[in-house]
Amino acid sequence: MSGLWIAVVAVVLVLAWVIWAFNRLVRYRNYVREAWGGIDVQLRRRHDLVPNLIEVAEAYRVHERTLLTETAETRSRSMAATGLADRAAAEGALGKAIANVFAVAENYPDLKANQVYLQLQNDLREIEDHLQMARRYYNGTVRNLNNIVEMMPTSLVARAFGFEKAEFFELDDAAARQAPQVA
């Protein structure tokens, strides 16, 4: 009789641990989803500002049209990107294009002094800061999820219930560190 009780207690303990591990996996997966939502909000804000920035800069110099057109096209590609890797590459290219617009603006003192342009530039800088924080938070939650998905013994529960590792959101940092070229 006591052997039966030991077996029942063991089964209950294992079942309780499986439930705990499952709930932990769900919690971390939801953290990753929430963190991606934060990145997505910042990316939308960034996409909304780019046309205004281009419009203000375009009013000052028509011969810079190629740069501004490329920036607008990069924004469109960024908005249409699907999948995390494609999105990261497109956002990295957009960040570089925006930096080039700011570099070109350095050649035009009237544009640099324009209040609308300065406000757009400050708004974009703020968005970039928020995007960087959101990216760090997202990547931290991805790291936590990936750890519990891969570590024993929770990896057994993860595999049994179909939990998978999440992708990190990495921009092309080499391109971001490179100074824009001004001709």
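In what follows, the structure referred to is the one given above.
Residues numbered from 1 in each chain as written. Predicted model: local features only at pLDDT ≥ 70, side-chain atom pairs only at ≥ 80, totals over all residues. Heavy atoms only, no water.

Trainee: Whenever I open this one, the overall build of the protein chain confuses me. Can you help?
Mentor: Along the backbone of the protein chain there are seven helices and zero strands. In sequence order, the protein chain lays out its α and β elements as α-α-α-α-α-α-α. Sequence separation of at least 24 residues holds for 77% of the intrachain contacts in the protein chain that already meet a minimum separation of 6. Per element, the accessible surface of the protein chain, about 11,100 Å² overall, is 57% carbon and sulfur. (Helix = DSSP H or I, 4+ residues; strand = E, 2+ residues; numbered from the N terminus. Contact = heavy atoms within 4.5 Å. Areas by Shrake-Rupley, 256 points an atom, 1.4 Å probe, with all protein chains shown as cover.)

Trainee: Any chance you could explain the pattern of salt bridges here in plain terms?
Mentor: A side chain of one charge can pair with a side chain of the opposite charge when the charged atoms of the two come close. Counted according to the given criterion, the structure contains seven salt bridges. Put simply, E91 and R46 hold a salt bridge, and the shortest N to O gap is 2.5 Å. Taken together, the residues E91 in helix 3 (residues 84-105) and R46 in helix 1 (residues 2-60) connect sequence positions 45 residues apart. Of the two residues examined, E91 and R46, each falls in the buried class. The salt bridge involving R87 is made with E91; its shortest N-O contact spans 3.8 Å. In this pair, R87 and E91 are both assigned in helix 3, four residues apart and thus about one turn of the helix distant. Judged by relative accessible area, R87 falls into the buried class, the value being 12%. (Salt bridge = Lys/Arg side-chain N within 4 Å of Asp/Glu carboxyl O. Buried < 20%, exposed > 50% of the residue type's maximum accessible area, 1.4 Å probe, protein only.)

Trainee: Please clarify how a nonpolar patch on the surface should be interpreted in this entry.
Mentor: Together, M1, L4, W5, V8 and V12 make up an exposed nonpolar region whose accessible area comes to about 590 Å². Among the secondary structure elements, V8 is positioned in helix 1. Residue class for V8 comes out partly exposed when judged on its relative accessible area of 39%. (Patch = residues over 30% accessible without salt bridge, like charges linked within 9 Å, V, L, I, M, F, W, Y side chains within 5 Å.)

Trainee: Sorry, what's going on with the packing of aromatic side chains here?
Mentor: What describes a pair of aromatic rings is the distance from one ring centre to the other and the angle between the planes of the rings. Counted under the stated rule, the structure contains five aromatic pairs. Ring centres 5.7 Å apart and planes at 75° place the aromatic pair F22 and F163 in the edge-to-face group. Of this pair, F22 sits in helix 1 while F163 sits in the loop between helix 6 (154-161) and helix 7 (173-177), and the two are 141 residues apart along the sequence. Summarising the aromatic geometry, the rings of W36 and F169 are spaced 5.2 Å apart at their centres and angled 75° between planes, so their arrangement reads as edge-to-face. Of this pair, W36 sits in helix 1 while F169 sits in the loop between helix 6 and helix 7; the two residues are 133 residues apart in sequence, bridging distant segments of the chain. On the basis of relative accessibility, which here comes to 22%, the residue W36 falls in the partly exposed class. On the accessibility criterion, F169 (0% relative accessible area) is buried. Three or more aromatic residues joined by ring pairs form one cluster here, namely F22, F161 and F163. (Phe/Tyr/Trp six-rings, centres within 6.5 Å; stacked < 30°, edge-to-face > 60°.)

Trainee: Could you clarify how one ought to interpret the nonpolar core in this entry?
Mentor: Generally speaking, soluble globular proteins have nonpolar side chains that are buried together. L25, V32, I39, Y138, L145, V149 and F169 are the most contacted members of the largest nonpolar core, which totals 21 residues. Among the elements of the structure, helix 1, helix 3, helix 5 (115-150) and helix 6 are those that each provide at least two residues to this core. Other than its neighbours up to four places away in sequence, L25 contacts L145, I148, V149, T154, V157, A158 and F163. The next biggest cluster of nonpolar side chains, apart from the first, holds 14 residues, and it includes L49, V56, L68 and I127. (Core = buried A, V, L, I, M, F, W, Y, C linked by side-chain atoms within 4.5 Å.)

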